[in-house]
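Observations on the model geometry
Each chain, letter by letter, is given below.
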Amino acid sequence: MPYHQFKCSECIPERLQHAVDKGVDEDLTSALPLGYLNTIPGTISERGCAYCGAKHVIGTPMKNVIHLSHGPVGCTYDTWQTKRYISDDGNFQLKYTFASDVKESNVVFGAEKMLKKNIIEAFKAFPQIHNMNIYSTCATALIGDDINAVAEEVMEEMPGKKIFVCNSPGFAGPSQSGGHHKINLQFLNQWVGTGEPEIYSKYVINYIGEYNIQGDQEIMRDYFYRMGIQILATFTGNGRFDDLRCLHKAHLNVLECARSAEYICDELRVRYGIPRMDIDGFGFEATADSLRKIGYFFGIEDKAEQIIAEEYARWKPELDWYAARLQGVKMCLWPGGSKLWHWAHMLKTEIGINVVSVYTKFGHQGDMEKGVSRCEPGALAIDDPNELEGLEAMYELKPDLIMTGKRPGEVAKKIRVPYLNVHGYHNGPYKGFEGWVRLARDIYNCVYSPAHSLVHLDISKDEIPTDKGFVTRQMLSDVNLSDEIKNSTELRECTSDYDPIPRLRKKLEENLYTFPDPETGEWRQVPLEKLKKNKVVDVE
Amino acid sequence: MDKNVAEEKMAQLEWYISKHCLWQYNSRGWDRLIQNERILTKTKQVLRGENAKDDDTTADRYYWSEAMSLAGAFKRYFPWITETSKDDIAQILDLLKERMDFTMVKGSLNQELIKQQY
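These figures come from a predicted structure and were not determined experimentally. (Residues numbered from 1 in each chain as written. Chains lettered and ligands numbered in written order. Predicted model: local features only at pLDDT ≥ 70, side-chain atom pairs only at ≥ 80, totals over all residues. Heavy atoms only, no water.)

This part covers the overall build of chain A. Scanning chain A from terminus to terminus reveals 23 helices and 18 strands. Scaling as 2.2 N^0.38, a compact globule of 540 residues should have a C-alpha radius of gyration of about 24 Å, and chain A matches this with 24 Å. Overall, chain A is about 75 × 65 × 50 Å in size when its C-alpha atoms are taken along their principal axes. Burial statistics for chain A: of 540 residues in total, 61% are counted as buried. Summarising the internal contacts of chain A: among those between residues at least 6 apart in sequence, 74% fall at separations of at least 24. As presented, chain A carries roughly 20800 Å² of accessible surface, and 52% of it is formed by carbon and sulfur atoms. (Helix = DSSP H or I, 4+ residues; strand = E, 2+ residues; numbered from the N terminus. Rg over C-alpha atoms; globule rule 2.2 N^0.38 Å. Buried < 20%, exposed > 50% of the residue type's maximum accessible area, 1.4 Å probe, protein only. Contact = heavy atoms within 4.5 Å. Areas by Shrake-Rupley, 256 points an atom, 1.4 Å probe, with all protein chains shown as cover.)

Pasting the structure below:
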C-alpha cells in the first residue's frame, strides 16, 4: 500500500493509513485509505458532528419548516446560515433558526416542559408554518429527554401541525456522516408514506441528495421539467415537508450526493421497489450522460438529446474560453464528502485542471474509491486530514488553488494559496451546463486575480515594483496563449447572469413547461399552483 | 480473440467505467455484484444487438437504462467496438465483468462492503 507519511503526523502513527499516493500502476485493490473511523485523539480534525450532519446538511434545506434544536443555543447558532441552501418561497429556513436554549438547570431538572412550551410558542409566532423538525443535541440526549413524546403531545393539541423528530446528537457517530445516516432513516420511518400526492406526469422522480446550494436544484429542475418529468420531492434542497412524505410514490430515485442520501434511496428500493439511479450533475459530459440515462428510463431520450444540444450550443464556447486559459493549473480538491468524485475527472478533461490531491473530511472508503479512481496518478488522497497535514500537503504540492470549505480555506489563505468555497459556493450555482461555466469562471478569477498576486510580496523585505501598475486577469492568463485562441471569435467569457436563479423562477412563473398526462400521455401545461405546491392528502 | 488483445481492450472499457460511472459503487458487496451482473450483462446484449430487456419492471428498466448509456459511451470512446464480432464482444465483456467483480468486491480494500445492513 503506497501510504503517505506526513512528517507532522509521525507522532500519531494511526494516521499513516489515512493517506495514500496514487501511483501509475495502482488501482483500488492496492491504494485506498481508511475512512469513516473515529477521529484519532491528538489530531485536530476538521470534521463536524453527527448533529451538524443531520441538521445543517440535510434537515435545514427543507423549506417551510421550523427547525428547532433541543439544546444549548450555540448548537443551532453554529449550524445557521453558513451554507446557502436557498428556497423559492422566501427562504424561511435561512432567515430563522430556533433553539430551546437549554441551560444548566434544565440539565439537572429536565427540559421536556420547556421544550413543549417552546414548540407551541414557535408555531404561534409563525402561524403560516405547519411543520417542524426538532433536532436532539448532546446535552438533551444525555439527560434522556423524550422528544418524541413531547412532539406527539403537541401534535394532538395542535391539529394540522406535523413534527419530525431527529435523534442524532453530536456524539452519535464519527463525523457528520453519522448524522446523514440517522436523519435519512428516521425521516423515512416517521413520515414517508403518510401522504398521497397528485401525479400529473407519466414520468415521476424523486431528486435525492440535492441541497439547492445557490440554486443548484433549480438549474436541474429546469432540465427535468423540460423533459416533462414531475419531481415529486427533492431530498432536501428546496424540498417541501409534505412532498417529502410522498417519496414512496416515485418511479425512479435520481441520486446526486450518494454520501449524504444513499441510505434513503437504498431503503426506498428495498421497501417500495423504486430503483436508485446515481447521477453526476457537474460537468458537461457528466450532466449530459445523466440526462441521457434518465431519458432512457422513461423512453424520452429524444427530449434529453434536445436539451443537451441546446445547452452545449449555448454554454460550451464559454467553458472552452476558460479551459484554454486554465490548462495545467494545479488544484487541491478538498471538499467535504462527494464533490471530490463528482468533479475530479470533469475538471481534468473539460477544464484542463491537474488535481494533485483529493481529500474528504467525512467520506467513507466508498467515496475514496470514487475519488482515487477519478483522479490521475500522482495525486495524494487524504482521509480526515488535520490542519497540519493540510498545510504540509500545500507546501509540498504547491497548488495554484484549493477548492474546499471555509475552515481549511482560511488556513490556505494564510500561506497565500487562493481558495474557492465549494461548500456554500463563491458565485454558484455550479450545477448543470451553465453552473459548470460559472465554476470555471470562478477558478479563473481565483487563479489570475491581480490582487491575490500581491500577497506574495512581503513588504518587510521584498522590493516592491513601482514600474508596474495596471494589470488584468486576462493580461496574466493570456501571456502564453496562441493568437488563434486569443483572437477566436467562437470562444467567449461567461455571460451567465450575476444570479441566474431569478431568470429560472420567472420561467417557472410563466409556466412554459408541458408534461404528459399520466393516463392519456397527452402533453399539456399543468396549473402553476401544482408545480409550486403540489396537492398532498394525508393518509394513515 | 487473443487473450492479451482482449484484456487490453477490456482495460480500456474498465478505464471508462472508473472515470465516468457510479453504479459500481453501491455500498455493500452483495449489491455491487448484482449491479455488475445486471448492467454488464445487458451492456453485452446491447452491444451484440440482442434483446436486453427481461421484463417490464422498473428495476429491469433501470439496469437497461444504465446499459444503454454505457454501450453508447463505449461506442463513442472506442470506435473499434462497432467493428468487433459478437463473440469477441462477449469475450471482452465477460473479462470486464470478472475484473469489476475483483476490483470492486473480491479484491476490494473497502471494509464496509461486508456490513449486512445499509
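Read on, since the account is not over.
Right, let's talk about the overall build of chain B for a bit. The secondary structure content of chain B amounts to 4 helices and 0 strands. In sequence order, chain B lays out its α and β elements as α-α-α-α. For chain B, the C-alpha atoms occupy an extent of roughly 45 × 35 × 20 Å along the three principal directions. Within the span of chain B, comprising 118 residues, buried residues form 58% of the whole. A total accessible area of about 5400 Å² is found for chain B, and carbon and sulfur atoms account for 51% of it. In chain B, 18 side chains carry a positive charge and 19 a negative one; their mean positions are 4 Å apart. (Lys, Arg positive; Asp, Glu negative; His and termini not counted. Charge placed at Lys NZ, Arg CZ, Asp CG, Glu CD.)

Residue and element names in this part refer to chain A. Of all the 6 residues making up strand β4 (residues 131-136), 6 are buried; the element is thus mostly covered by neighbouring parts of the structure. The alternating pattern of β4 places Asn131, Asn133 and Tyr135 on one face and Met132, Ile134 and Ser136 on the opposite face, and all of these are buried. Relative to β4, strand β2 (residues 66-70) is paired through 5 bridges, and the arrangement is parallel. Following the sheet pairing, leucine 68 is matched in β4 by isoleucine 134. With 5 bridges connecting them, β4 and strand β5 (residues 162-166) associate as parallel partners. (Pairing = 2+ DSSP bridges.)

For chain B, the mean per-residue pLDDT works out to 97, and 100% of the residues sit at or above 70. Across the interface, the model reports ipTM at 0.98; the global pTM reads 0.97. (pLDDT = per-residue confidence, 0-100.)

For the rest of this paragraph, the subject is the packing of helix α1 (residues 50-59) of chain A against helix α8 (residues 176-191) of chain A. All names here are of chain A. As a packed pair, α1 and α8 sit with axes 6 Å apart at the nearest point and diverge in direction by 60°. With respect to their mutual orientation, α1 and α8 come out oblique. Helix-helix and strand crossings are classified by hand; for α1 and α8 the assignment is right-handed. Within the contact between the two elements, α1 uses Ala50, Gly53, Ala54, Val57, Ile58 and Gly59 and α8 uses Gln176, Gly178, Gly179, His180, Ile183 and Asn184. (Axes fitted to C-alpha atoms, helices over the stretch in contact; angles between N-to-C directions. Parallel < 35°, antiparallel > 145°, perpendicular 65-115°, else oblique. Left-handed = near helix turned anticlockwise from the far one by under 90°.)

Residue and element names in this part refer to chain A. Within the open sheet, the 6 strands sit side by side as β1-β13-β12-β11-β14-β15. Their pairing is mixed. Either end of the sheet is taken by a strand with one partner, and the two such strands are β1 (19-21) and β15 (419-421). Each strand axis lies, on average, 15° off the axis of its neighbour in the sheet, ignoring direction. Both strand β11 (residues 330-333) and strand β14 (residues 401-404) contribute to a ladder of 3 bridges, which runs parallel. Paired with methionine 331 across the strands is leucine 401, a residue of β14. Running at roughly 165° to β11, helix α14 (residues 339-351) makes contact with β11, β12 (354-360) and β14 of the sheet. Against the sheet, helix α16 (residues 387-397) makes contact with β11, β12, β13 (380-383) and β14, and its axis sits at roughly 175° relative to β13, the strand it touches most.

On to unusual backbone geometry, then. Residue and element names in this part refer to chain A. Threonine 236 follows phenylalanine 235 through a cis peptide bond whose omega is 0°. Structurally, the position occupied by threonine 236 is in strand β8 (residues 229-236). Proline 429 follows glycine 428 through a cis peptide bond whose omega is 5°. You can see proline 429 is positioned in the loop between β15 and α18 (432-447). Phi is positive for asparagine 91, which is not a glycine, with a value near 60°. Within the fold, asparagine 91 resides in the loop between α2 (73-77) and α3 (92-95).

Here the focus is α1 of chain A. Counting buried residues along α1 of chain A, 10 of its 10 residues qualify, which places the element largely inside the surrounding structure. Buried within α1 of chain A are the following residues: Ala50, Tyr51, Cys52, Gly53, Ala54, Lys55, His56, Val57, Ile58 and Gly59 of chain A.

Attention now moves to the sheet that holds β2 of chain A. Residue and element names in this part refer to chain A. One open sheet holds the 4 strands; their spatial order is β3-β2-β4-β5, and the pairing between them is parallel. Edge positions in the sheet fall to β3 (98-99) and β5, since each of these pairs with one other strand and no more. Strands in contact with α8 are β4 and β5; relative to β5, the strand with the most contacts, it is inclined by about 145°.

On to the nonpolar core, then. Leu347 and Met403 of chain A are the most contacted members of the largest nonpolar core, which has 165 residues in total. Those residues in contact with methionine 403 of chain A that lie beyond four places of it in its chain are Met331, Cys332, Leu333, Trp334, Pro335, Trp343, Leu347, Leu420, Val422, Leu439 and Ile443 of chain A. (Core = buried A, V, L, I, M, F, W, Y, C linked by side-chain atoms within 4.5 Å.)

Right, let's talk about the state of the cysteines for a bit. When the sulfur atoms of two cysteines share a covalent bond, that bond is a disulfide. Residue and element names in this part refer to chain A. Applying the stated rule across the entire model yields 0 disulfides over all chains. The thiol of cysteine 138 is unpaired, and the distance to the nearest cysteine sulfur, on cysteine 49, comes to 6.1 Å. Exposure remark for cysteine 138: the relative accessible area of 33% places this residue in the partly exposed category. (Disulfide = S-S within 2.5 Å.)

Attention now moves to the interface of chain B and chain A. The partner chain A presents 43 residues to the 35 residues of chain B that form the contact. At the boundary of chain B with chain A, total buried surface from both sides reaches about 3300 Å², with 51% on carbon and sulfur atoms. Of all residues in chain B, Lys19, Leu22 and Tyr118 of chain B bury the most surface against chain A, accounting for 24% of the area lost on that side. One can count 6 salt bridges joining chain B with chain A. A salt bridge links lysine 19 of chain B to glutamate 376 of chain A; its shortest N-O distance comes to 3.3 Å. Where chain B touches chain A, the interface holds 22 residue pairs in polar contact (both at pLDDT 80 or more). Mapped by element, the contributors of at least two residues to the side of chain B that touches chain A are α1 (3-20), α2 (29-47), α3 (58-77) and α4 (86-106) of chain B. Top contributing element to the side of chain B that touches chain A by residue count: α3 of chain B, with 11 residues. (Buried area = accessible area lost by both parts, 1.4 Å probe. Salt bridge = Lys/Arg side-chain N within 4 Å of Asp/Glu carboxyl O. Polar contact = N/O pair within 3.5 Å; in protein donor to acceptor, adjacent residues only side chain to side chain.)

Moving on, we come to the packing of α2 of chain B against α4 of chain B. All names here are of chain B. Relative to each other, α2 and α4 sit at 165°, their axes nearing to 10 Å. As judged from the angle between their axes, α2 and α4 are roughly antiparallel. Where α2 crosses over α4, the handedness of that crossing is right-handed. The segment α2 lies against α4, with Gly29, Arg32, Leu33, Asn36, Glu37, Leu40, Thr43, Lys44 and Leu47 engaging Ile89, Ala90, Leu93, Asp94, Leu96, Lys97, Met100, Asp101, Met104 and Val105. Within the contact of α2 with α4, the residues separate by chemical class into 10 nonpolar, 3 polar and 6 charged. (Nonpolar A, V, L, I, M, F, W, Y, C, P; charged D, E, K, R; others polar.)

Moving on: a nonpolar patch on the surface. Residue and element names in this part refer to chain A. On the surface, a cluster of nonpolar side chains totalling about 400 Å² of accessible area is made up of Leu454, Leu457, Ile459 and Ile464. Mapped onto the fold, leucine 457 is located in the loop between α19 (450-453) and α20 (473-477). On the accessibility criterion, leucine 457 (31% relative accessible area) is partly exposed. (Patch = residues over 30% accessible without salt bridge, like charges linked within 9 Å, V, L, I, M, F, W, Y side chains within 5 Å.)

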